[in-house]
Amino acid sequence: MRIGFGYDSHRLVPGRKLILGGVVIPHDKGLLGHSDADALVHAICDAVIGAIGDGDIGRYFPDTDPAYKGISSLRLLHLVCVKAGEKGFAVNNIDTTVILEEPRLMDYIHDMELNIADTLNIPIGKVNVKAKTNEGLGFLGRGEGVAAFAVATVIEKDGR
């Protein structure tokens, strides 16, 4: 078994959708980025890529490539999962934390976990999403953005 860690953050801005874990969350601001800017899924991508020892999300999907403009981050996660499979690995488990002052995410967590599990083709019980605030501290506490952390475990397809 191998472990990878991922992190991402994006600025909240007017005129964009707020998408986390592939779920559109009603809010007056959304995340700024080249793709759909789903910081949660980006952190998971980085965690899986780290676990297979293959760089980071920027190496796979550079923000200078027009092919990824506006793309669903769940699509990117699917491509990362395919790459892991090509390297002889399968995703075993995902654990994440999203930090966002508002809106509250409790009502959306199950759908996020379901989207992530479906994309990775693993049971929903192997995906955990936690939501926290930053207690008013820093750029997160001021409501200027969102941050996400993820840990992924992968196993070699032969079971090791």
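Residues numbered from 1 in each chain as written. Predicted model: local features only at pLDDT ≥ 70, side-chain atom pairs only at ≥ 80, totals over all residues. Heavy atoms only, no water.

Enquirer: Give me the lowdown on the overall build of the protein, citing residues and values where you can.
Expert: Per the secondary structure count, the protein includes 5 helices and 7 strands. Start at the N end of the protein and walk to the C end: the helices and strands fall as β-β-β-β-α-α-α-β-α-β-α-β. With the C-alpha coordinates aligned to their principal axes, the bounding extent of the protein is approximately 45 × 35 × 25 Å. Relative to its 160 residues, the protein shows a buried fraction of 48%. Counting only contacts in the protein whose residues sit at least 6 apart along the sequence, the fraction spanning at least 24 positions is 72%. Computed over 17 positive and 21 negative side-chain charges, the inter-centroid distance for the protein is 3 Å. (Helix = DSSP H or I, 4+ residues; strand = E, 2+ residues; numbered from the N terminus. Buried < 20%, exposed > 50% of the residue type's maximum accessible area, 1.4 Å probe, protein only. Contact = heavy atoms within 4.5 Å. Lys, Arg positive; Asp, Glu negative; His and termini not counted. Charge placed at Lys NZ, Arg CZ, Asp CG, Glu CD.)

Enquirer: Help me get a handle on the layout of surface pockets, residues and values and all.
Expert: Here the largest pocket is characterised by a volume of approximately 240 Å³. Considering the residues around the largest pocket, the lining is formed by 15 residues, among which His-34, His-42, Ile-57, Phe-61 and Asp-63 are closest to the centre. Within the residue set of the lining of the largest pocket, elements represented by two or more residues are strand E1 (2-13), helix H1 (39-51) and helix H2 (57-60). Looking at side-chain class alone, the lining of the largest pocket contains 6 nonpolar, 6 polar and 3 charged residues. (1 Å grid on protein atoms, 1.4 Å probe; cavity = no way out; pocket = protein on both sides within 12 Å on 5 of 7 lines; lining within 4 Å. Points joined across faces, edges and corners; volume = space filled by probe spheres on them. Nonpolar A, V, L, I, M, F, W, Y, C, P; charged D, E, K, R; others polar.)

Enquirer: So what about the packing of aromatic side chains? Which residues, and what values?
Expert: Following the criterion strictly, the structure yields 4 aromatic pairs and no others. Each ring, one from Tyr-7 and one from Phe-149, has its centre 5.0 Å from the other, and the planes form 45 degrees; the classification is tilted. Of the two residues, Tyr-7 is situated in strand E1 and Phe-149 in strand E7 (residues 145-156); the sequence distance between them amounts to 142 residues. Under the relative-accessibility criterion, Tyr-7 is labelled partly exposed at 37%. In this structure an aromatic cluster arises from ring pairing among Phe-5, Tyr-7 and Phe-149. (Phe/Tyr/Trp six-rings, centres within 6.5 Å; stacked < 30°, edge-to-face > 60°.)

Enquirer: Please set out the pairing of E1 residue by residue, giving values where relevant.
Expert: One ladder, built from 10 bridges, connects E1 with E7; its direction is antiparallel. In the sheet register, Arg-2 faces E7, and the bridge partner there is Val-154. Bridge count for E1 against strand E4 (residues 30-31) is 2 bridges, and the pairing is antiparallel. Residue pairing for E4: Leu-12 is matched across the bridge by Leu-31. (Pairing = 2+ DSSP bridges.)

Enquirer: I'd like to hear about the environment of Gly-30, residue by residue, with values.
Expert: Position of Gly-30 relative to the elements: it lies in strand E4. The exposure class assigned to Gly-30 is buried, which follows from its relative accessible area of 0%. Along the backbone, Gly-30 and Thr-133 are 103 residues apart, and their C-alpha atoms lie at a distance of 17 Å. The contacts of Gly-30, once residues within four sequence positions are left out, are Arg-11, Leu-12, Val-13, Arg-16, Lys-17 and Leu-18.

Enquirer: Account for the packing of helix H3 (residues 73-86) against helix H4 (residues 109-120), naming residues and giving values.
Expert: The interhelical angle for the contact between H3 and H4, taken along N-to-C directions, is 35 degrees, at an axis separation of 9 Å. The two elements H3 and H4 meet at a crossing, and its hand is right-handed. Contacts from Leu-74, Leu-77, His-78 and Cys-81 in H3 reach Asn-115, Ile-116, Thr-119 and Leu-120 in H4. Partitioning the contact of H3 with H4 into residue classes produces 5 nonpolar, 3 polar and no charged. (Axes fitted to C-alpha atoms, helices over the stretch in contact; angles between N-to-C directions. Left-handed = near helix turned anticlockwise from the far one by under 90°.)

Enquirer: For the nonpolar core, give the residues involved together with the corresponding values.
Expert: Grouped together as the largest cluster of nonpolar side chains are 48 residues, with contacts concentrated most on Leu-20, Leu-40 and Ile-94. No other element matches H1, which puts 10 residues into this core. With residues near it in sequence (within four places) discarded, Leu-40 still touches Leu-20, Gly-21, Thr-96, Val-98, Met-112, Ile-116, Val-129 and Ala-148. (Core = buried A, V, L, I, M, F, W, Y, C linked by side-chain atoms within 4.5 Å.)

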